[in-house]
Amino acid sequence: MLASRFVATETEPATLLHGGRLVAKRLREHGVSKLFTLSGGHLFSIYDGCRAEGIELIDVRHEQTAAFAAEGWAKITRQVGVCALTAGPGVTNGMSAIASASQNHSPLLVLGGRAPQLRWGQGSLQEIDHVPFVRPLTKLAATALETAEIAGLIDDAIRAAITPHSGPAFVDFPLDQVFMEAPEPSPPASIPDASQGPGADAGAIERAAALLRGAERPVIMAGTGLYWGRGEQALRALAEELRVPVFLNGLGRGCLPADHELFFSRARSAALGGADVALVIGVPLDFRLGFGAAFGPEAEIVVIDAAEPQRPHPREVAAELYGALPATLDGLRASASASGRARSASGGRNAWIDSLRATEQEKRAAEGPELSDPRAPLHPMRIYGELSQMLDRDVVIIGDGGDFVSYAGRVVDSYEPGCWVDPGPFGCLGSGIGYALAAKLARPERQVVLMLGDGAFGFSGMELDTLVRHGIPVVAVMGNNGIWALEKHPMEAIYGYSVVAELRPETRYDLVAEALGCHGELVSTPDELRPALERAFESGKPSLVNVLTDPAVAYPRRSNLA
């Protein structure tokens, strides 16, 4: 079976390549241009192959950042991101990022080093079988037990990673196998773009369309799956033709511009709770939607996604549409628009839209005092009030933190797909610098701003060194309140006290950044903020603006945003 992959004739024998070169060649043939890694001896052959094949090696200070950077590349580009983790602790250090990619459906390929197969079971350095403990987190987990298997396993892993629901795949390579040689394989077969495939079943589309035609108060709630399914253009066409208000979360943010007449964010509770028909596109009915309770009890819910869900819905749904999102949404729009009743209904929805717009404007106006709050240490909202005036329309915002990033999610607007990247439902801190590294490499012409909590800094702060070494001018803005705010305030509300929720107040993280070669700024009063941000953007260096924020400010837990 494997022999069919080799290029050889009777007169011209196949070229022999070492296993690391076979890995890199296959990656390049699949369009991979960057490999995120931390130096490890088990990976030397792969590094040599990458040099020969023109794949850029981006090295970091901790393997979790290599994996988060690869996931960040996937999130920004909608292409598979690739990292290489050395054997044993290299792979285990990357497991949080692998789990994050699993819950985010991020197409990630993790290449693992592995102790030599010849000595397996004899106690080689860092000898451990990775496959059993990464398998529950991945769509494919395998070991290349022969050099000749390498190209085929890379093909299989990339196909698994990008097939809906996309997610992480893992292949590890015994040290002896990547140093041995095998014939150069034939080029890989092309992998079809799943987003251009067939849509959902026609009968299911018609059931959903019938609900939509009769709806007086329809709503669209779309999320990360919309982004992975490349459904943003079809979503916009459907919303505009049928006059349906749109709410977005996760990587779905920016799939309809924040200044579009049908986009809303602050009015989410009113819209979801008052809708009679809800199109839930590419987002599960999980904790972010109250396990379905965010919608009124009488609401008819239509679930739309590229593939069937991995767990049952927590409440009954009226219709399920699974298939390529562009075709599904276009089919739903056409079917729901096919009658005069639909056109009449869509015109009558203006009152519903106007009522939500009034709620939206009221809530935005209510944020004014916080956005200009004069206190020192600063209210987190004051930071966003100043920063929003300095951001380009296509800025990429990275969130890494709890309380501080919750405020960002509430008020920072996105206008294009792939411009908002946060940890997602797994909520793993320490992802931000890896995401920002990948974002700036993928979009060097854009602003990349990392919103960073002081707690999150502790997970990956040394990666500022990575940004400096690779010349990546990310601007990081830190909300430094000296506490674990998302834990401290709720615990005090429940028990009247808090434990293990304190950090050192007013720590000079900006001086740490300067010691690592970054531009650092300390901000302790509102009037210092704008000049400090301007200097950071103008520095041309990786920058950290360390803003002291008021630890007494508690993010409202019953916010209507997620």
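Residues numbered from 1 in each chain as written. Predicted model: local features only at pLDDT ≥ 70, side-chain atom pairs only at ≥ 80, totals over all residues. Heavy atoms only, no water.

**Describing the pattern of salt bridges**
Evaluation of the coordinates by the stated rule reveals 40 salt bridges. One continuous salt-bridge network, built from bridges that share partners, spans Arg 266, Glu 360, Arg 364, Glu 367, Glu 370, Arg 410 and Asp 413. (Salt bridge = Lys/Arg side-chain N within 4 Å of Asp/Glu carboxyl O.)

**A look at the pairing of strand E5 (residues 108-114)**
Taking burial as the measure, the seven residues of E5 include seven buried ones, the bulk of the element. Across five bridges, strand E4 (residues 81-85) lies against E5 in parallel orientation. Residue pairing across strands places Ala 84 opposite Leu 111, the latter belonging to E5. The pairing of E5 with strand E7 (residues 168-174) spans seven bridges and is classified as parallel. Residue pairing across strands places Gly 112 opposite Asp 172, the latter belonging to E7. (Buried < 20%, exposed > 50% of the residue type's maximum accessible area, 1.4 Å probe, protein only. Helix = DSSP H or I, 4+ residues; strand = E, 2+ residues; numbered from the N terminus. Pairing = 2+ DSSP bridges.)

**As for the confidence of the model for the protein**
Here the protein averages 94 in pLDDT, and 95% of its residues register 70 or above. Residue range residues 558-562 is modelled with pLDDT below 50. Its contacts to residues more than four positions away, or to other chains, number 13 contacts. (pLDDT = per-residue confidence, 0-100. Contact = heavy atoms within 4.5 Å.)

**Thoughts on the sheet that holds strand E15 (residues 420-421)**
Taken in spatial order, the six strands make up an open sheet running E15-E14-E16-E17-E19-E18, and their pairing is parallel. The open sheet has two free edges, formed respectively by E15 and strand E18 (519-523), since each of these has just one partner strand. In the sheet, strand E16 (residues 448-453) pairs with strand E17 (residues 475-480) via five bridges, with the strands oriented parallel. Opposite Leu 450, over in E17, you have Ala 476 as the bridge partner. Relative to E16, helix H18 (residues 403-411) is tilted by about 135°, and along the sheet it contacts strand E14 (396-400), E15, E16 and E17. On top of the sheet, helix H24 (residues 526-538) reaches E16, E17, E18 and strand E19 (543-548); it is set at about 175° to E18, its chief contact. (Axes fitted to C-alpha atoms, helices over the stretch in contact; angles between N-to-C directions.)

**Observations regarding the state of the cysteines**
In protein structure, a disulfide is the covalent linkage between the sulfur atoms of two cysteines. As enumerated under the stated definition, the model contains zero disulfides in all. Cys 83 supplies the cysteine sulfur nearest to Cys 50, a cysteine that is in no disulfide, at a spacing of 12 Å. (Disulfide = S-S within 2.5 Å.)

**Let's talk about the packing of helix H17 (residues 380-387) against H18**
Put simply, H17 and H18 touch, their axes get as near as 9 Å, and they point 45° apart. If you check the angle between H17 and H18, you find them oblique. For H17 against H18, the interelement crossing comes out right-handed. Across the interface between the two elements, Pro 380, Met 381, Ile 383 and Tyr 384 from H17 touch Phe 404, Val 405, Tyr 407, Ala 408, Arg 410 and Val 411 from H18. Split into classes, the residues belonging to the contact of H17 with H18 amount to nine nonpolar, no polar and one charged. (Parallel < 35°, antiparallel > 145°, perpendicular 65-115°, else oblique. Left-handed = near helix turned anticlockwise from the far one by under 90°. Nonpolar A, V, L, I, M, F, W, Y, C, P; charged D, E, K, R; others polar.)

**Structural notes on the sheet that holds strand E12 (residues 300-305)**
In spatial order, the strands read E10-E9-E11-E12-E13; together these five strands make up an open sheet with parallel pairing. Both outer strands of the open sheet, strand E10 (246-248) and strand E13 (319-322), are each paired with one neighbouring strand and no more. Across the sheet, the mean angle from the axis of one strand to that of its neighbour is 15°, orientation sign disregarded. Bridge count between strand E9 (residues 218-222) and E10: three bridges; the pairing is parallel. Bridged to Met 221 within E10 is Phe 247. Packed onto the sheet, helix H13 (residues 325-336) meets strand E11 (277-281), E12 and E13 and runs at close to 145° relative to E12.

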